[in-house]
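Here are the chains, one letter per residue:
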Amino acid sequence: MADQTAKIDERDLALRILLDMEKSGRMSSAALEDGLRSIQFSEKEKRAFVTRLVEGVTEYRIQLDGIIDQYAKKPADKQKPFVRGVLRISIYQLLYMDHVPDRAVLSEAGRLLRKHHLEGMTGVVNGILRSVQRGISEGEVGKLLHSRMELQYSAPKELCEDLTKLFGEDRAEKILGAAFNRKGLTIRVNGTMIRPDELSEKLTEAGLQVRKGSLSRKALILNGVDFVRRTPGFREGLFFVQDESSMLAVESLGDLTGKKVLDLCAAPGGKTTYAAELGGIVTARDIAEEKTDRIRENAERLKLSVTVEERDASVPCEADREGYDVVIADVPCSGLGVMGRKNDIKYHYSREGVKSLVEQASKILDAAAAAVRPGGMLLFSTCTILPQENRLQKEHFLKAHPEFAEEEERQLIQGEDPCDGFYYCRMRKKPMYKEEQRVSCHPEGEARRIF
């Protein structure tokens, strides 16, 4: 356990977390969780300050760098990483943390530079921050940020262009803007251990603000959580952090009592554990030990029985053939539906990346199809909003697998629906389908089924 009696330097810790993310490429959620664990027994206000800085700087990184480019002689990408980090956290405080006096921001920036033996940069950084301070008060910074969509919403230019092309400018701005709306932490109540109203009362008594979800009866939305592992009921397995959109996908499967369920790409185990809670006999798989360990940890915490295996979902398994009543395939995707919860996922977006993800998902769906018994269900889902990863992928799948029929499809869009952006399609393998069916081709190349 870290020494919690030592004085905590919140800004230095936030800066170290941000620099670790930049150097290692780790996602902010994992890096922040590790950093907060080192001060988990400190005052709540200190943990909240570190969280606000790390999440805020991550979320507004493109915007902050645009301001640095405007007011510094050397652009952001040419600055030394530590100096750039000091500028980012300082400008974020000047812009978005009104309770921190400007003089304290400038003073703390100088202190951090001196602490890390960069005394020679204090004058330069101080000058930049004073210019930004004036730019904010005189409205220059506001005009700069509203001059381009990528600066206003701190999103890559390529992403802004593609969303505008797909959805139109107004909807694209609504989607990007939704990432900045703080709707609270959504949890799924573990119905095998407690009722939603009982858990709501327990959390309210602990000082949290609690309201019911609007899409699932198992959902509660919490405000006031600063470290989820210390939230009452977490260690006891009374809830799982999961968005309502993901809950809806599992609920679309209906009663799973006694049904054999295979969950592919299952980490961290949200759909796996919900399917088990609903009575399914669940086998969960993912590709890496780190991921399967997370599934086991969550299933054990929730006291739910799940078989966990390490396997590549894109490689068909002969032993699976027509062996499951339900197969869940939450395939790899761009994750654009969860930009509000994973505030750095937008920086990983690229058109080539999406193309590669679509091809990978197609292979997983082909393998998943073979594991569904006649009359069984395939649930295809993603946490993205792009048609090529969702509707068009489904259409491609149904054309290649006429033994399946679509039963329910739903696309949820953040900013328009009260949840993350999410897609699911439930398909059923035709009960009369025979495994010995084969595909043959006419000389002209047209495919036809042979029964």
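My aim in this report is to walk through the structure given alongside it, one point at a time.

Conventions used here
Residues numbered from 1 in each chain as written. Predicted model: local features only at pLDDT ≥ 70, side-chain atom pairs only at ≥ 80, totals over all residues. Heavy atoms only, no water. Axes fitted to C-alpha atoms, helices over the stretch in contact; angles between N-to-C directions. Helix = DSSP H or I, 4+ residues; strand = E, 2+ residues; numbered from the N terminus. Parallel < 35°, antiparallel > 145°, perpendicular 65-115°, else oblique. Contact = heavy atoms within 4.5 Å. Nonpolar A, V, L, I, M, F, W, Y, C, P; charged D, E, K, R; others polar. 1 Å grid on protein atoms, 1.4 Å probe; cavity = no way out; pocket = protein on both sides within 12 Å on 5 of 7 lines; lining within 4 Å. Points joined across faces, edges and corners; volume = space filled by probe spheres on them. Pairing = 2+ DSSP bridges. Phe/Tyr/Trp six-rings, centres within 6.5 Å; stacked < 30°, edge-to-face > 60°. Lys NZ or Arg CZ within 6 Å of the ring centre and 35° of its normal.

## Details of the packing of helix α4 (residues 61-71) against helix α5 (residues 81-96)
- The interhelical angle for the contact between α4 and α5, taken along N-to-C directions, is 100 degrees, at an axis separation of 10 Å. If you check the angle between α4 and α5, you find them roughly perpendicular. Where α4 approaches α5, its residues Arg61, Gln63, Leu64, Asp65, Ile67 and Ile68 are matched on the opposing element by Arg84, Leu87, Arg88, Ile91, Tyr92, Leu95 and Tyr96.
- Split into classes, the residues belonging to the contact of α4 with α5 amount to eight nonpolar, one polar and four charged.

## Here we look at the layout of surface pockets
- Approximately 300 Å³ is the volume attributed to the second largest pocket.
- Taken together, 16 residues line the second largest pocket, and the ones lying closest to its centre are Leu18, Met21, Glu22, Arg61 and Arg88.
- Contributions of two or more residues to the lining of the second largest pocket are made by α1 (10-24), α3 (44-59) and α5.
- For the lining of the second largest pocket, a count of residues per class yields seven nonpolar, four polar and five charged.

## Side note on the sheet that holds strand β9 (residues 372-382)
- On the basis of which strands lie adjacent, the open sheet formed by seven strands has the order β7-β6-β5-β8-β9-β11-β10 and mixed pairing. The open sheet has two free edges, formed respectively by β7 (307-310) and β10 (404-412), since each of these has just one partner strand. Shown here is a sheet whose adjacent strand axes are inclined to one another by a mean of 15 degrees, direction ignored.
- As defined by bridge partners, strand β5 (residues 260-264) adjoins strand β8 (residues 324-330) across four bridges and the pair is classed as parallel.

## A look at the packing of aromatic side chains
- Applying the stated rule across the entire model yields seven aromatic pairs.
- Note on Tyr92 and Tyr96: the rings are 5.4 Å apart at their centroids and 40 degrees apart in plane angle, and the pair reads as tilted. Of this pair, Tyr92 and Tyr96 both sit in helix α5, four residues apart, which is roughly one turn of the helix.
- Three or more aromatic residues joined by ring pairs make a cluster, and in this case those are Tyr60, Tyr92, Tyr96 and Phe180.
- Of note, Lys260 hangs over the ring of Tyr324, and the distance from its end group to the ring centre comes to 5.0 Å.

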